[in-house]
Structures are given as structure tokens and as C-alpha cells.
Amino acid sequence: MTYSHTQYFEDASIASILADVARAHRILELEGHGDMSMGHLSFRDPFGRGLWLKRGNLALSEVDADDFILISFDGDVLEGTGLRHLEWPLHAEIMRARPDVNFVGHSHAHYSTILGASEETLKPYNNHGVWFAYEGVPRFTETSHIITTVPLGVAAAKTLGAAQAILLANHGVAFVGSTVAEVTLTGIFLEKAARFQVDLKASGFAPIEPDPEETKEKFDRIYPAKAQYNFWTFFNRRLERVESAFGLGISPIALPPGI
Ligand SMILES: [Zn+2]
């Protein structure tokens, strides 16, 4: 999984953040985002050159710190080797549209994709859904196809607006963050909230609709920066336990209970 490179030596902070982004990929695999070698996260280059995108042909569970390529916002490969994922315009156009976003994720997480393939709106039925209390999770319906062109990337970014995540109808999801912790938690909570809602609706029980204003106050109370850091470190500790027992490349199916 290593290859010769030079880019990581020019700035230690990039290497350190990419190590975190690599772990974020592996955490997301454990949290239901894996789909063979599809799905990827990106990091906005701090020197304004573009974005660091996971290279292709690797599962989320297999991504290591040097599995990234630097591409410009126009998709030109500036550093690194390996396949450039076809859906790079989704990352580039979201970053162009959202200066506050430093990290973008895209996956085909199962339950979120079920929600996106329906007309169901994600609601704060549990604490994970509360993560999206302020902006909700819009649905992009312009295509059911993958986002491989700049116009589709622009349109998806427009639908995302100020939100933290978007459902891509009949395809998957995209999610964003200003920090690696935030993008990871957004992806995890999106899938957990979608799974809860699918299960709730499938149960046939009549859902209780939470009050929107109370839900926003609940977000402020349960997800301050300190709690977000705590959850991020929890998911890192859990990854360490899994990988120290099984090595890299583990999917959730292989996990025994209690890990
Ligand atoms: Zn996709």
C-alpha cells in the first residue's frame, strides 16, 4: 500500500492530517459506509493548490496515509500516483462553493442510500438525527447517476447549500466538515439516523415528531466541540482495537460483538 512519493515531506501538517483522513475512511467502513472500492474523502490543500483525494481501487477499510493524490480544482493531478476517482467534481465543486468546508466525503452507505432512493425526509427521531437539526439533509434529484461532470458537481453543491450532508437519489450521500472529526461524525451520524428512521418506519409504529426549535437547542447541548472531540477519539480508539486484533481492511461483517 506504499509507493514512492515526495509530497508528504514538504509540510508535516499535511502528512499528519492525511493520516487522520485515512483513519476516517477506515472508521467509516466500520460504520456501514463501505461498498467495495467505492467511496472517498478529500482534504482541502492548505496551500490553495486544490484538494487531496483518496486514490482509486482501494476500499475505505484499506486506506493508509499515503493513499492520496493532490488534484487541482479543475481535476489536474498535481502530486501522487494512482487512479483519480471519477467523482472528483463532487468534491471540487462543494469546496469551491463552501469556503468553510475543508473535508468532503462521499459513499454509498446502505441506509442513507435507502432514504435517498425514497421520498422520505431525514428527521431528528433520535440523537443522531439531531446532528442535522439546523439545515436538514437535502436530496439531489437531478440525476441518479454518479457525479462525474463539473455541471453536476456545481448542481449538487447548490442543492447542498449550507447543509452538512446531501442525499444523492438512487446513488449515495455526500457529507462535509470543517475538521476531519466533523466530516467523520457527519457521515457516521447520517447513516445511524437513516438506519434508525428506516427501522422506525418499518416497525409500523406511529413516530413522534420532535419539535424543531427544541431539536436545535438539543443539538447545541449534546454536540458542543468538546463532545465532538470525545466522539472522534472514541471512534479512533475503537478502530485501534479492531485493527490491533484483525489488521487493516476489516469490514463490519467480520467483527465479533463487543469490539
Ligand atoms: Zn458514488
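As the structure is a computational prediction, the values presented were derived from the model and not from experiment. (Residues numbered from 1 in each chain as written. Predicted model: local features only at pLDDT ≥ 70, side-chain atom pairs only at ≥ 80, totals over all residues. Heavy atoms only, no water.)

## Concerning the UniProt feature "domain: Class II aldolase/adducin N-terminal" (unreviewed entry) in the protein
Here's step 1: The UniProt record marks residues 19-198 with the feature "domain: Class II aldolase/adducin N-terminal" (unreviewed entry), using the residue numbering of this structure.
Here's step 2: Secondary structure over residues 19-198 splits into 37% helix and 18% strand, and the C-alpha atoms at its two ends are 33 Å apart. (UniProt positions renumbered as here; feature names shortened; annotations may be inferred. Helix = DSSP H or I, 4+ residues; strand = E, 2+ residues; numbered from the N terminus.)

## Overview of the coordination of the zinc ion
Here's step 1: Coordination of the zinc ion by the protein is provided by E87 (OE), H106 (NE2), H108 (NE2) and H171 (NE2), with metal-donor distances spanning 2.1 to 2.2 Å.
Here's step 2: One can describe the site at the zinc ion as irregular: its four donor atoms subtend angles covering 85 to 148° at the metal.
Here's step 3: Taken in chain order, the donor set of the zinc ion reads E-x18-H-x1-H-x62-H. (Donors = N, O, S within 2.8 Å, 3.2 Å for Na, K, Ca; no water. Tetrahedral: all angles 85-135°; square planar, octahedral: opposite > 155°, others 65-115°.)

## Concerning the sheet that holds strand β5 (residues 103-107)
Here's step 1: Ordered in space as β4-β3-β2-β1-β5-β8-β7-β6, the eight strands form an open sheet in which the pairing is mixed. Every other strand in the sheet has two partners, leaving β4 (77-79) and β6 (139-140) as the edge strands with one partner each.
Here's step 2: As defined by bridge partners, strand β3 (residues 68-71) adjoins β4 across two bridges and the pair is classed as antiparallel. Across the sheet, I71 pairs through a bridge with V77, a residue of β4. (Pairing = 2+ DSSP bridges.)

## Some thoughts on the environment of F235
Here's step 1: Along the chain, F235 falls in helix α8 (residues 225-246).
Here's step 2: For the pair F235 and I188, spaced 47 residues apart in sequence, the C-alpha to C-alpha distance is 9.9 Å.

## Some words on helix α6 (residues 180-203)
One full turn of an α-helix is made of 3.6 residues, so residues set three or four places apart face in the same direction.
Here's step 1: Here α6 spans 35 Å end to end across 24 residues, near enough to the 34 Å set by a 1.5 Å rise per residue.
Here's step 2: A positive phi of about 85° marks G204, the residue just after α6. (Expected span 1.5 Å × (residues − 1).)

## Observations regarding the packing of α6 against α8
Here's step 1: Contact pair α6 / α8: the axes reach a minimum separation of 10 Å and the direction vectors enclose 75°. Relative to α8, the element α6 lies roughly perpendicular. Contacts between α6 and α8 involve V180, A181, E182, T184, L185, I188 and F189 from the former and Q228, F231, W232 and F235 from the latter.
Here's step 2: A class-by-class count of the residues in the contact of α6 with α8 yields eight nonpolar, two polar and one charged. (Axes fitted to C-alpha atoms, helices over the stretch in contact; angles between N-to-C directions. Parallel < 35°, antiparallel > 145°, perpendicular 65-115°, else oblique. Contact = heavy atoms within 4.5 Å. Nonpolar A, V, L, I, M, F, W, Y, C, P; charged D, E, K, R; others polar.)

## Description of the packing of aromatic side chains
Here's step 1: Scanning all chains against the criterion turns up ten aromatic pairs.
Here's step 2: Centre to centre, the rings of F219 and Y223 are 5.7 Å apart; their planes meet at 50°, and the pair counts as tilted.
Here's step 3: Y223 gets classed as buried once you look at its relative accessible area, which sits at 6%.
Here's step 4: Each residue in the set W131, Y134, F189, F219, Y223 and F231 is aromatic and connected to the rest through ring pairs, giving one cluster. (Phe/Tyr/Trp six-rings, centres within 6.5 Å; stacked < 30°, edge-to-face > 60°. Buried < 20%, exposed > 50% of the residue type's maximum accessible area, 1.4 Å probe, protein only.)

## What to know about the side chain of K54
Here's step 1: The residue K54 is located in strand β2 (residues 51-54) in this model.
Here's step 2: Notably, K54 is buried but unbridged: the nearest opposite-charge side chain belongs to E62, and the N-O separation is 7.5 Å.
Here's step 3: At a separation of 2.9 Å, a polar atom in the side chain of K54 contacts the main-chain carbonyl oxygen of L58.
Here's step 4: Polar contacts involving the side chain of K54 include one to the side chain of H85, which spans 2.8 Å.
Here's step 5: Those residues in contact with K54 that lie beyond four places of it in its chain are H25, S37, G39, H40, L41, A59, V63, D67, F68 and H85. (Lys, Arg positive; Asp, Glu negative; His and termini not counted. Salt bridge = Lys/Arg side-chain N within 4 Å of Asp/Glu carboxyl O. Polar contact = N/O pair within 3.5 Å; in protein donor to acceptor, adjacent residues only side chain to side chain.)

## Some details on the pattern of salt bridges
Here's step 1: The tally for this structure, following the rule as stated, stands at 13 salt bridges.
Here's step 2: The shortest N-O distance in the salt bridge between R98 and D100 comes to 2.8 Å.
Here's step 3: By relative accessible area, which is 42% here, D100 ends up partly exposed.
Here's step 4: Among the ionic pairs, E209 bridges to K123, the shortest N-O distance being 3.2 Å. One end of the pair, E209, is in the loop between α6 and α7 (212-222); the other, K123, is in the loop between α3 (110-116) and α4 (127-130), and 86 residues separate them in sequence.
Here's step 5: The partly exposed category is assigned to K123, whose relative accessible area is 32%.

## Some details on the environment of R221
Here's step 1: For R221, the position within the fold is in helix α7.
Here's step 2: Judged by relative accessible area, R221 falls into the exposed class, the value being 61%.
Here's step 3: Measuring from C-alpha to C-alpha, the distance between R221 and S203 comes to 29 Å, with 18 residues separating the pair along the chain.

## Re the packing of helix α2 (residues 88-97) against helix α5 (residues 150-160)
Here's step 1: Interhelical geometry of α2 versus α5 gives an angle of 50° and a closest axis separation of 8 Å. Relative to α5, the element α2 is oriented oblique. You can see that α2 and α5 cross each other, and the crossing is right-handed. Residues W88, P89, L90, E93, I94 and A97 of α2 pack against V150, G153, V154, A156, A157 and L160 of α5.
Here's step 2: When the residues that make up the contact of α2 with α5 are grouped by side-chain class, the tally is ten nonpolar, one polar and one charged. (Left-handed = near helix turned anticlockwise from the far one by under 90°.)

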